[in-house]
Amino acid sequence: MNTQNSKLITQNFTTLGIVGSGTMGGGIAQIAAQHGFSVILYDINTEIVTRSVGRLQAMLDKLAAKGKLSGDDVAATISRIRATATLEELAAADFIIEAAPEDITLKRDIFSRLDAACPPTTILASNTSSLSITILGGATRRPAQVVGMHFFNPVPLMGLVEVIVGQYTDEETVNSTVALAQQLGKTAVRCNDTPGFIVNRVARNFYGEALRIVGEQGATVEQIDQLAEQEAGFRMGPFRLMDLIGIDINFAVTQSVFAAYFGEPRYRPHPIQQRMVEAGALGRKAGRGFYDYSSDKEAAK
Amino acid sequence: MNSVLIAAPLADVAPGTLAGELAAACVAANYDVTLYCPPVASDPADEGSIVKAFTLLREPGELHEPAAQSAHYILDLFDNGPNGWREQKQRALADLHRLPDGVPLLTTCVSGSATDAAAMFARPSQVIGFAAVLPFDAVNTIELLLPMQGDAALLEPARAFFQTIGKQTLQVADGPGGVMPRILAMIVNEAAYALQEGVASAADIDTAMRLGANYPYGPLAWADMLGLDLVHATLWALQLELGDDRYRPCPLLARMVRAGLRGKANGRGFYSYE
Ligand SMILES: NC(=O)c1ccc[n+]([C@@H]2O[C@H](COP(=O)([O-])OP(=O)(O)OC[C@H]3O[C@@H](n4cnc5c(N)ncnc54)[C@H](O)[C@@H]3O)[C@@H](O)[C@H]2O)c1
């Protein structure tokens, strides 16, 4: 069924709780506050969460300097974000998005603590890119109200949210989550709880097949990037993109999907990836990947 | 005026297909275009309006005619996938050796290797493979594949020809689907598996890939443009050539092809275009 046309029975949310104030949590807090939501932003200690709010302030100031926001908007946006290092304060939120590190034990623990702290109707969402929503739901007494809300990095710029439907997630939770994503200015797609969801799964062979062709000496890295961009119209060829994402991150996603499907050959990682990761050639961030960035100051940042 | 002979199944000479778009590009580049469409099973009931723009040869005997004998380039758009297309091509093009020697024969390699295609012709050293994805308008670079029996000296006239219709070329190693048709076939196959497994709807899969990974088209809509039969044949050819299970075509895709769903070409694919 088309997500956009489905009849929505949805709750209306005003206060979002966010767990983890890093890259993703911070980005989600920013867009939520910019779209008029009150935000309770939680991290493990006051110092981290205060630093995160400082980063958001600096980001918004930059937008204001470029004329994309007024000074009043910046002040109003920041005033809607309340920082805390006490998990129980999230009980005041009516929808919670977890964006803590990608570790199943840690996330299960967070979900069970949120379950104990929050009213039984509060929806608990996870921004996980690879863990099962059904498993996270199993750490709570409310699996029907546990859902995935997979944003993409950088959150303010990427228009997609994958709404992940766990085995026990109920329809009202899904519809409310889709509606919330839309209120945050995103396009939502519905996706069942399966390894890699949609994007991280379907994209695997953009990289994997390109690596195999290089391994077979079918074409060079540069040639494949050129063809991807100039023949097929991709914004960035697979190797330039792996360098940007981080070859280690990309390799980890491939390994996780490969393992989750018990060795399905379509997801088989390639020795070139492993060799580069172990050699520390991780892409732009390392100054070296499929291309050399050692003279590129922008990339080294 | 230079002339081009295009060999293709008649039904494929339509807007949006590689054969149709190449024929149109040749006309736009002021080539004198002759179509050679020997009868095959998939022929449409009537020849349609598109072929009115060209000289149309339907029988092998007509290859003796000046329109064929004077060709500077031969473009062969008969696919040679393992789904029966290879045998069809072999039958249909058995008489192409009546054409003058030394003329580059540029053959499509989307669903088979150039080496495999060259092996069908009486003069394999005349063959240069090429591969490209669609939509043709957006393609700036076309892949050239040299068959093992081929003559590298013909790569230059092949490059020069594509240059005259506004396309750059890049030589890659020989193999079914070259580089991009192969990669794209694998992406489409994965999207088809995701659809078959109920991961998400076709529309949501496509939206996710456009917005979450910046793809120019959703993979399922793209498959409809490329032709489901062609994508399926590419995967099958890769599976046979490389002997690796990772290329096995998704059963849903195979069933759609079996049911006659070709994508945009006949209005029915992952989406309906009626
Ligand atoms: N970075 C991406 O590109 C991206 C994209 C989509 C989804 N994700 C997912 O988002 C989640 C967060 O990723 P990130 O890149 O923002 O990571 P990050 O490291 O930038 O941020 C994680 C934050 O969580 C905090 N944290 C650590 N332990 C915690 C705990 N026990 N409780 C609460 N907070 C804790 C850390 O202090 C840190 O601020 C992960 O699940 C990741 O898979 C990341």
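Each residue is numbered by its place in its chain's sequence as written, counting from 1. Chains carry letters and ligands carry numbers; both start at the beginning, A for chains and 1 for ligands, and go up in the order they are written. Residue-level local features of this predicted model are given only where pLDDT is at least 70; pairs of side-chain atoms are given and counted only at 80 or more, and the full residue set underlies all totals for whole chains, interfaces and linings. Hydrogens are left out, water is left out, and the side-chain values use all remaining heavy atoms of the structure.

Participant: Which parts of the structure should I look at to understand the packing of helix H9 (residues 228-242) of chain B against helix H10 (residues 251-258) of chain B?
Facilitator: The relative placement of two packed helices is expressed as an angle between their axes plus a distance between the axes. Residues and elements named next belong to chain B. At their nearest, the axes of H9 and H10 sit 9 Å apart, and the two run at 130 degrees to each other. The angle between the axes of H9 and H10 places the two elements in the oblique class. Our pair here, H9 against H10, has a crossing hand that is left-handed. Residues Leu-228, Asp-229, Val-231, His-232 and Leu-235 of H9 touch H10, and the partners they reach there are Leu-253, Ala-254, Met-256 and Val-257. Looking at the contact of H9 with H10, its residues break down into 7 nonpolar, 1 polar and 1 charged. A fitted line through C-alpha atoms serves as each axis, taken over the contacting stretch for helices, and the angle formed by two N-to-C directions is quoted from 0 to 180°. Secondary structure elements follow DSSP: runs of H or I no shorter than four residues count as helices, runs of E no shorter than two count as strands, and numbering proceeds from the N terminus. Angle categories are assigned with fixed cut-offs, so that under 35 degrees is roughly parallel, over 145 is roughly antiparallel, 65 to 115 is roughly perpendicular, and the rest are oblique. By convention, the crossing between two helices is left-handed when the near helix turns anticlockwise from the far helix through less than a right angle, and right-handed when the turn is clockwise. Contacts were defined at the residue level, with two residues in contact if any of their heavy atoms lie within 4.5 Å. Put simply, Ala, Val, Leu, Ile, Met, Phe, Trp, Tyr, Cys and Pro go in the nonpolar bin, Asp, Glu, Lys and Arg in the charged bin, and everything else, Gly too, in the polar bin.

Participant: Honestly, the site of the ligand in this entry has me stumped. Any pointers?
Facilitator: Residue and element names in this part refer to chain A. The immediate surroundings of the ligand are formed by 23 residues, with Met-24, Asp-43, Glu-102, Lys-107 and Ser-129 found nearest. Here a polar contact means two N or O atoms within 3.5 Å. Within protein one must be a hydrogen donor candidate and the other an acceptor candidate, and residues neighboring in sequence count only if both atoms are side-chain atoms. Between the ligand and Asn-127, the relevant distance is 2.9 Å, taken from an oxygen atom to a side-chain nitrogen or oxygen of the residue. Side-chain polar atom of Asn-153 to an oxygen atom of the ligand: 3.5 Å apart, as the coordinates give it. When contributions to the shell around the ligand are tallied by element, the ones reaching two or more residues are helix H1 (23-34), helix H4 (104-117) and strand E6 (146-151). When at least one non-hydrogen atom of a residue lies within 4 Å of a molecule or strand, that residue is treated as near it.

Participant: Would you mind going over the interface of chain B and chain A with me for this structure?
Facilitator: Across the contact, 50 residues belong to chain B and 47 residues belong to chain A. Accessible-area loss on putting two parts together, using a 1.4 Å probe and summing over both, is the definition of buried area adopted here. Buried surface at the junction of chain B and chain A, summed over both partners, amounts to about 4,000 Å²; 58% is from carbon and sulfur atoms. Three residues, B:Glu190, B:Val199 and B:Arg246, lead the burial of chain B against chain A; their summed loss comes to 18% of the area buried on that side. Salt bridges are identified by distance alone: a Lys or Arg side-chain nitrogen within 4 Å of an Asp or Glu carboxyl oxygen. Where chain B touches chain A, the interface holds 9 salt bridges. Between A:Arg212 and B:Asp244 there is a salt bridge whose closest N-O contact spans 3.2 Å. There are 22 residue pairs in polar contact (both at pLDDT 80 or more) connecting chain B and chain A.

Participant: Looking at this structure, I do not really get unusual backbone geometry. What am I missing?
Facilitator: Outside of glycine, negative phi angles account for most residues, and trans bonds account for most peptide bonds. Of note, the amide linkage connecting A:Asn153 to A:Pro154 takes the cis form, showing an omega dihedral of -5 degrees. The peptide bond linking B:Leu134 to B:Pro135 adopts the cis configuration, its omega dihedral lying at 0 degrees. Its place among the elements puts B:Pro135 in the loop between strand E6 (127-131) and strand E7 (141-145). Its identity is not glycine, yet A:Phe262 carries a phi of approximately 55 degrees, on the positive side. Residue position: A:Phe262 is located in the loop between helix H11 (247-260) and helix H12 (271-278). Positive phi outside glycine occurs at B:Asn214, with the angle close to 60 degrees.

Participant: How do you make sense of helix H6 (residues 171-183) of chain A when you look at a structure like this?
Facilitator: Residue and element names in this part refer to chain A. The span expected for a helix works out to 1.5 Å for each residue beyond the first. For H6, with 13 residues, the first-to-last C-alpha span of 18 Å sits near the 18 Å given by 1.5 Å per residue. Only protein chains enter the accessibility calculation, which uses a 1.4 Å probe. A residue is then buried if its area is under 20% of the maximum for its type, exposed if over 50%, and partly exposed in between. Considered for burial, the residues of H6 that qualify are Thr-173, Val-174, Asn-175, Ser-176, Thr-177, Val-178, Ala-179, Leu-180 and Ala-181. Structurally, H6 contributes buried residues whose contacts are with strand E1 (15-19), strand E4 (95-98), strand E5 (123-126), E6, strand E7 (160-165) and strand E8 (187-192). In the segment just after H6, Gly-185 is the residue with positive phi, at about 85 degrees.

Participant: Explain the sheet that holds E6(B) here, please?
Facilitator: Within a beta sheet, neighbouring strands are joined by backbone hydrogen bonds and run either parallel or antiparallel to one another. All names here are of chain B. Sheet architecture is open: 8 strands sit in the order E3-E2-E1-E4-E5-E6-E7-E8, paired in mixed fashion. Unpaired on one side and paired on the other, strand E3 (55-57) and strand E8 (168-172) mark the two borders of the sheet. Between one strand axis and the next, the sheet turns through 30 degrees on average, direction left out of account. Pairing of strand E4 (residues 73-76) with strand E5 (residues 105-108), which is carried by 3 bridges, proceeds in the parallel orientation. Bridge assignment links Leu-75 to a residue of E5, and that residue is Leu-106. Strands are treated as partners if at least two bridges between them are detected by DSSP.

Participant: I'm lost on the nonpolar core in this one. Help?
Facilitator: Grouped burial of nonpolar side chains is what soluble globular proteins tend to show. Residue types Ala, Val, Leu, Ile, Met, Phe, Trp, Tyr and Cys, when buried and joined through side-chain atoms within 4.5 Å, form a set referred to as a nonpolar core. The biggest cluster of nonpolar side chains holds 131 residues, and the ones touching the most others in it are A:Ile198, A:Phe234, A:Phe239, A:Phe290, B:Ile6 and B:Phe161. By residue number, the principal contributor to this core is helix H6 (residues 180-196) of chain B, which donates 11 residues. The contacts of B:Ile6, once residues within four sequence positions are left out, are B:Leu22, B:Ala23, B:Cys26, B:Val33, B:Thr34, B:Leu35, B:Tyr36, B:Leu75 and B:Leu77. Core analysis: the next-biggest nonpolar cluster, separate from the first, contains 38 residues, A:Ile18, A:Met24, A:Ala32 and A:Ala125 among them.

Participant: Can you help me understand the confidence of the model for chain A in this one?
Facilitator: The predicted coordinates of low-pLDDT regions are not to be read in fine detail. Chain-level pLDDT for chain A is 95 on average; 95% of the residues reach the 70-or-more range. Here residues 1-7 of chain A is modelled with pLDDT under 50, and outside its nearest four sequence neighbours on either side it reaches 12 contacts, counting other chains as well. Across the chain, each position has a pLDDT score giving the predictor's confidence in that residue, from 0 to 100.

Participant: Could you clarify how one ought to interpret the packing of aromatic side chains in this entry?
Facilitator: Aromatic rings considered in pairs are described by the distance between their centres and by the relative angle of their planes. Here a Phe, Tyr or Trp ring, Trp counted by its six-membered ring, pairs with any other such ring whose centre lies within 6.5 Å, and the pair is stacked when the planes are under 30 degrees apart, edge-to-face when over 60, and tilted otherwise. Inspection of the entire model under this criterion finds 14 aromatic pairs over all chains. Taking the centre distance of 5.9 Å and the plane angle of 55 degrees together, the rings of A:Phe206 and B:Tyr215 count as tilted. You can see A:Phe206 sitting in helix H8 (residues 204-215) and its partner B:Tyr215 sitting in the loop between helix H7 (202-213) and helix H8 (219-226), one on each of two chains. B:Tyr215 shares its class with A:Phe206; the two are buried. A centroid spacing of 5.6 Å and a plane angle of 50 degrees characterise the contact between B:Tyr31 and B:Phe161, whose relative ring orientation is tilted. A residue pair is termed long-range when its members are at least 10 positions apart, and B:Tyr31 in the loop between helix H1 (18-28) and strand E2 (32-36) and B:Phe161 in helix H5 (residues 155-164) qualify at 130 residues. Assessed through its relative accessible area of 8%, B:Tyr31 is described here as buried. Among the residues examined, B:Phe161 registers a relative accessible area of 0% and is labelled buried. Any Lys NZ or Arg CZ that is within 6 Å of a ring centre and within 35 degrees of that ring's normal is treated as a charge sitting over the ring. One residue, B:Lys167, lies across the ring of B:Phe136, its end atom 4.3 Å from the ring centre.

Participant: Would you mind showing me how to read the sheet that holds strand E2 (residues 38-42) of chain A here?
Facilitator: Residue and element names in this part refer to chain A. Across the sheet, which stays open at both edges, the 8 strands sit in the order E3-E2-E1-E4-E5-E6-E7-E8 with mixed pairing between neighbours. Each edge of the open sheet is held by one strand with a lone partner, namely strand E3 (81-84) and E8. Mean inter-strand twist for the sheet, computed between neighbouring axes without regard to direction, equals 25 degrees. Where E7 meets E8, 6 bridges bridge the pair, whose relative direction is parallel. Looking at the pairing, Val-165 lines up with Asn-192 of E8. Packed on one face of the sheet, H1 meets E1, E2, E3, E4 and E6 and runs near 165 degrees to E2. Together, E1, E2, E4, E5 and E6 form the strand contacts of H4, whose direction differs from that of E5 by roughly 165 degrees.

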